[in-house]
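Here is how the chains run, residue by residue.
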Amino acid sequence: MSLTQRLFGLMALAFVPAGLVLLVFSSDLKTARDREVFEAAVLQTQRATSEMERLVESMRTLLIAISTAPIVRDFNEPACEAYLNALANRLPHLSIIAVLDPHGDARCLNKPGARKMNYADRHYFQEALRTGDFVVGVFTQSRLEPERRVLPFALPIRDAAGTVTGVVALGLDLAFLNEVVGRWSLPAGGGLTIADREGVILARNPRPDDFVGQRIPEPYLRWVTGSEPGTAEIMSQDGTRRIQSYKPATVSPVGLYVSSGLSAVTVYEALADARRRGFYALAAAAVAAFGVVLLVAQVSIRRPVQDLVQLADAWRRGDPVGQPASQTAAEFATIAAALNRMGEGLRKQQAELVESGERLRTMVRRAPVALMLHAEDGEILEISESWFRRSGYAVGAVGSASEWFRQALAGSGGEHDPAVVFPSEGREREVTTPSGETRYWEFATVALGSLSDGRALRLTAASDVTERHRAAQHQDLMVRELNHRVKNTLAVVQSIASQTIRPDGDPADMVVRFTERVSALSRTQDLLTQRQWSSIRLEDLLVAELTHLGLGDQVSLNGPDVEVPAELAVSTGLIVHELATNAAKYGAMSVPGGRVAVSWRLQAGEETTTVDLTWEETGGPAVTAPSRRGFGSRLIGQVSRSMGEGNLTFDSSGVVFSLRFNVPAKMLLEEPDPEVSTDRSRGFKIRT
């Protein structure tokens, strides 16, 4: 906010008390006027109520006179009708006068010759009989003259003993009532309403034709049936806002509702004029005061301030002109001197910043590590030569950080914002070298303040963590593979246990068998571990299982050099263990002259190689098929089916087992020279 604006603000504050006084004064006037207006509305309603009381009382007096006439009491119809007709001629505002017997039949009317009807259904007749007293009726359409609307009054007829013998009723013509109400003097915009106890309007001033016969709006019916008079400011049915005073129909005269109102616009017009004149006077004074303040500010403040601004701009351009000559006021001269001192200090600081910036650029450029000095929008201010050397890009090949991102981080999914790629806490990203090699860099950025144009200055360091990343990937792969192998091994052990331990078996024998089979599994696991669970030579697998039983020249191995995948090696080892154990206990290996020949042949394909393995025993005891299948037979059959195709036969000359399974084509190693036999079986006889 400028100094001139502050002066205007002070001037405005000075006028606040005057405005508050004017508001309080206007509020007091409004309160006093409200009291006067409400009192005037109440007085107007009271006057109308008094007129209606006189009207009702005159109707009551007339009915008393008629009901006590002998010709009426005796129902002397000719004389009664003449009497009523003469009376109606003198009182033209009465549309009908009727004498009714207790059954509601008209015995005489003020209209000789008129058809006599029954009025037992009329509320005023019923209420007069029920209460035995004077009754003020409600808005009624005349039965004899339907075009006429009347307000009925009724009084019981009593004989000399006081017994009710009939009812005399008369109808006040509402046209006459509205003529009387229309002659009452009302202020401009005022209104007067007369209604029955059900809220139906009987007379109204102004515009009676628009409202007579209509019901008072629902929100205001509670005024009709209330017990106390009251006042309120409302929007009338004719669209005029009025200060309204009302008398309920339950208050004398009972049966009639009276309300009158004064136009709010009219009664408050003088007050509004006075309020406007006060505010206009206050506004005129404020405008004059603001004009004076503006003139003083222009001469005494704005020009000296402009001189100070020019001095500051000169220092910014680097060509200060000293203290302005127009600064005659001591306060502004002091400010000018302070600006000069500040300018000299800033000049020295600027020089130091330039020198410091050059040192920073030199340090970044010659740094042995990859460093980049850049602005927040990606503009490179300086970059180390090692950055380009390590990323494979030539010095000067990229002009901005964003351009380097687009080339080196092509696989980042379009994420090239320096603030995202270079986070403050470090982030590992893929970097693609010009040769297409993918490397992994870790970035970390620190803020170094701001540049002269307001942009944030950042220093980013990068390190090549490719080897660490690949080692982590390899370790993760090994952990997953180990988890898979352990699960498989445990599953095999569980299967061996379930097949070995039987309810009817010898516990000691079951322990020995279980231990031997787990040991066979362990030997295969050792071979796979030495080869990092990739694959093992079939011949090494056979030698490991047969050597464990201490068999020598009784076994011959014959077949080309081939490797077995890890998932098949475990199964093959279990089968060979079962065959060798059975041969050593019951078969060819149980006698000195027995022999076992293990041979395998290969059928090479494009993707897989088929291995046909044969185990054949000769020279042993006579062989007969077992009466029931033991664990060994069941294990051999189950594992064979999981690998491929297997067949176990019990010839009289010895056991013969054949197995066919597939291995990947790459498992077929270079076949050895058929003329050369290399002993890899530690004393086993090998035929090639």
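Residues numbered from 1 in each chain as written. Predicted model: local features only at pLDDT ≥ 70, side-chain atom pairs only at ≥ 80, totals over all residues. Heavy atoms only, no water.

*Asks:* Outline the pattern of salt bridges, supporting the account with residue identities and numerical values.
*Replies:* According to the stated counting rule, one finds 20 salt bridges in the structure shown. Residue Arg-537 is joined to Glu-539 by a salt bridge in which the shortest nitrogen-to-oxygen separation is 3.6 Å. Residue Glu-539 is classed as buried on the basis of its relative accessible area of 6%. Arg-537 is the salt-bridge partner of Asp-540, the closest N and O atoms lying 2.7 Å from each other. (Salt bridge = Lys/Arg side-chain N within 4 Å of Asp/Glu carboxyl O. Buried < 20%, exposed > 50% of the residue type's maximum accessible area, 1.4 Å probe, protein only.)

*Asks:* A description of the side chain of Asp-101 should follow, citing residues and the corresponding values.
*Replies:* In this fold, Asp-101 is placed in the loop between strand 1 (94–100) and strand 2 (106–109). Note on Asp-101: relative accessible area 8%, which makes it buried. Of the polar contacts made by the side chain of Asp-101, one reaches the backbone nitrogen of Asp-105; its length is 2.9 Å. Each residue touching Asp-101, except ones within four places of it in the same chain, is listed here: Phe-75, Arg-107, Phe-125, Thr-165 and Gly-166. (Helix = DSSP H or I, 4+ residues; strand = E, 2+ residues; numbered from the N terminus. Polar contact = N/O pair within 3.5 Å; in protein donor to acceptor, adjacent residues only side chain to side chain. Contact = heavy atoms within 4.5 Å.)

*Asks:* Break down the state of the cysteines for me, with residues and values.
*Replies:* All chains considered together, the criterion is met by 1 disulfide. Put simply, Cys-80 and Cys-108 are joined by a disulfide, and their sulfur atoms are 2.0 Å apart. Linking Cys-80 in helix 3 (residues 77–90) with Cys-108 in strand 2, this pair joins segments that are 28 residues apart in sequence. By the burial criterion, Cys-80 is buried, and Cys-108 matches it. (Disulfide = S-S within 2.5 Å.)

*Asks:* Break down the environment of Arg-601 for me, with residues and values.
*Replies:* Tracing the backbone shows Arg-601 in strand 20 (residues 595–604). Taking relative accessible area as the criterion, Arg-601 reaches 54% and is therefore assigned exposed. Residues Arg-601 and Leu-613 lie 12 residues apart in sequence; the distance between their C-alpha atoms is 6.7 Å. In this structure, Arg-601 is in contact with Thr-610, Val-611 and Asp-612, ignoring residues within four places of it in sequence.

*Asks:* Break down the environment of Gly-378 for me, citing the residues and quoting the values.
*Replies:* Within the secondary structure layout, Gly-378 lies in the loop between strand 12 (370–375) and strand 13 (380–383). Gly-378 sits in the buried class, given a relative accessible area of 1%. C-alpha of Gly-378 to C-alpha of Leu-457: the two residues are 79 residues apart in sequence and 9.9 Å apart in space.

*Asks:* Before we move on, can you summarise the packing of aromatic side chains with the specific residues and values?
*Replies:* One pass over the structure, following the stated rule, counts 3 aromatic pairs. Measuring from ring centre to ring centre gives 6.1 Å for Phe-134 and Phe-153, while their planes differ by 10°; the resulting arrangement is stacked. Taken together, the residues span a long stretch of sequence, with Phe-134 in the loop between helix 4 (123–131) and strand 3 (135–136) and Phe-153 in strand 5 (residues 149–158) at a distance of 19 residues. There is no split in this pair, since Phe-134 and Phe-153 are both buried. Look at Tyr-220 and Trp-223: their rings are 5.0 Å apart centre to centre, the planes differ by 35°, and that puts the pair in the tilted class. Here the aromatic cluster, defined as three or more aromatic residues joined through ring pairs, consists of Tyr-220, Trp-223 and Tyr-246. (Phe/Tyr/Trp six-rings, centres within 6.5 Å; stacked < 30°, edge-to-face > 60°.)

*Asks:* Explain the sheet that holds strand 13 residue by residue, including any values.
*Replies:* Strands in a sheet are paired, the pairing made by backbone hydrogen bonds, and the direction either parallel or antiparallel. Read from one edge of the open sheet, 5 strands run 13-12-16-15-14, paired in antiparallel fashion. Strand pairing shows two members of the sheet lacking a second neighbour, strand 13 and strand 14 (427–432), which therefore form its edges. This sheet shows a mean twist of 30° between the axes of neighbouring strands, independent of strand direction. In this structure, strand 12 lies alongside strand 13, joined through 3 bridges in antiparallel fashion. Among the inter-strand pairings, Met-372 is bridged to a residue of strand 13, identified as Ile-383. (Pairing = 2+ DSSP bridges. Axes fitted to C-alpha atoms, helices over the stretch in contact; angles between N-to-C directions.)

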